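One letter stands for each residue in the lines below.
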Amino acid sequence: MNSFLRPADADEPPLTLLPDHAVYRPVSSHLAIAPPVSVVIPAMNEAENLPYVFKTLPDWIHEVVLVDGNSTDDTVAVARELWPAVTVVTQRGKGKGDALISGFAACTGEIIVMIDADGSADGNEIVSYVSALVSGADFAKGSRFANGGGTDDMTPVRKLGNRVLTALVNAKFGARYTDLCYGYNAFWRHCLDHIALDCAGFEVETLMNIRVVKAGLRVQEIPSHEYNRIHGVCNLRAVRDGLRVLKVIAGERGARRKRLARPALITGDAL
């Protein structure tokens, strides 16, 4: 069963009629889609990890947008060798938020998937995210703690911090998340019109998760398994990044927003 997190008084989006010449791409044995899918990969000095990342990407996606954070290794060259049609964008700014903003602006697909370049995410899961979107969700949010998800990478301290921050966002914004600080998500391009991003660092994921709820968009959590980074050192710092997330939560709570009723739980069969 799927769970949609949706404000009870949110307006229904208009139906989009596909042109007769729309090209359908087989996604699985029981699903074909017409909307083109763009995958955004922020990367800085991830040349060793990219082969593992690209190996799991499905061949039916429309485009890969690699956002290079001024790498000093062969990140760009490796990406072009692995995916010759890759779109390479030079990141503006220094943080993950800056990278994602640059990548989103370069996308041409109607569906956008954001995935890390360290090998911790499995591209084979993209089909679950896309299935949720074409089934009616606006935003498909990965969760390591939903039934069927998991993580090999989080320390007990980070798990506790994530649990506390998730509970805080749920209480303050009427969400029903099981995982707040996770960067594997997918959404329809129109969502960017409702969640204008102005955040530079890792806390961009929290900002997105809060703003989709505030905007009344329909959110579906997707069970996802997070693996250990394959090569290199993680830049996350539990205390520092936790404080930045808290700052975002406080800022969004104080910002003016449309008053929404508490999200209602809607269930339906998965594709």
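Residues numbered from 1 in each chain as written. Predicted model: local features only at pLDDT ≥ 70, side-chain atom pairs only at ≥ 80, totals over all residues. Heavy atoms only, no water.

Enquirer: Looking at this structure, how should I read the packing of helix H3 (residues 96-106) against helix H6 (residues 204-214)?
Expert: Describing two packed helices takes the angle between their axes plus the distance from one axis to the other. Where H3 meets H6, the axes come as close as 9 Å, and the angle between the chain directions of the two elements is 60°. In terms of their interaxial angle, H3 and H6 are classed as oblique. Residue-level contacts link Lys 96, Gly 97, Leu 100 and Phe 104 of H3 to Val 204, Glu 205 and Met 208 of H6. Residues that form the contact of H3 with H6 fall into these classes: four nonpolar, one polar and two charged. (Axes fitted to C-alpha atoms, helices over the stretch in contact; angles between N-to-C directions. Helix = DSSP H or I, 4+ residues; strand = E, 2+ residues; numbered from the N terminus. Parallel < 35°, antiparallel > 145°, perpendicular 65-115°, else oblique. Contact = heavy atoms within 4.5 Å. Nonpolar A, V, L, I, M, F, W, Y, C, P; charged D, E, K, R; others polar.)

Enquirer: Explain the pattern of salt bridges here, please?
Expert: Pairing is possible between side chains of opposite charge, provided their charged atoms come close. Tallied over the entire structure, the rule returns 11 salt bridges. When the shortest N-O distance is used, the salt bridge between Arg 218 and Asp 138 registers 3.4 Å. Here Asp 138 lies in the loop between helix H4 (126-134) and strand S8 (139-143) and Arg 218 lies in the loop between H6 and strand S11 (219-223), a separation of 80 residues in the sequence. An identical accessibility class is assigned to Arg 218 and Asp 138; each is buried. Sharing partners across several salt bridges, the network here consists of Asp 198, Arg 211, Lys 214 and Glu 252. (Salt bridge = Lys/Arg side-chain N within 4 Å of Asp/Glu carboxyl O. Buried < 20%, exposed > 50% of the residue type's maximum accessible area, 1.4 Å probe, protein only.)

Enquirer: Looking at this model, I keep getting lost on helix H2 (residues 75-82). Mind explaining?
Expert: The periodicity of an α-helix, 3.6 residues per turn, causes residues three or four places apart in sequence to face the same way. Those residues of H2 not exposed but buried are Thr 75, Val 76, Val 78 and Ala 79. Projected down its long axis, H2 carries its buried residues within an arc of 165°, all on one side. In the core, the buried residues of H2 are packed alongside strand S4 (37-43), helix H1 (50-55), strand S5 (63-68) and strand S6 (87-90). (Arc of directions from axis to C-beta.)

Enquirer: It is not clear to me how unusual backbone geometry should be interpreted in this structure. Could you clarify?
Expert: Trans peptide bonds make up the majority, and among non-glycine residues the majority have a negative phi. Positioned with a positive phi, Asn 45 is a non-glycine residue whose angle comes to about 55°. Considering the arrangement of structural elements, one finds Asn 45 in the loop between S4 and H1. According to the relative accessible area criterion, Asn 45 is partly exposed, its value standing at 36%. In this structure, Asn 70 is a non-glycine residue whose phi angle is positive, near 60°. Position of Asn 70 relative to the elements: it lies in the loop between S5 and H2.

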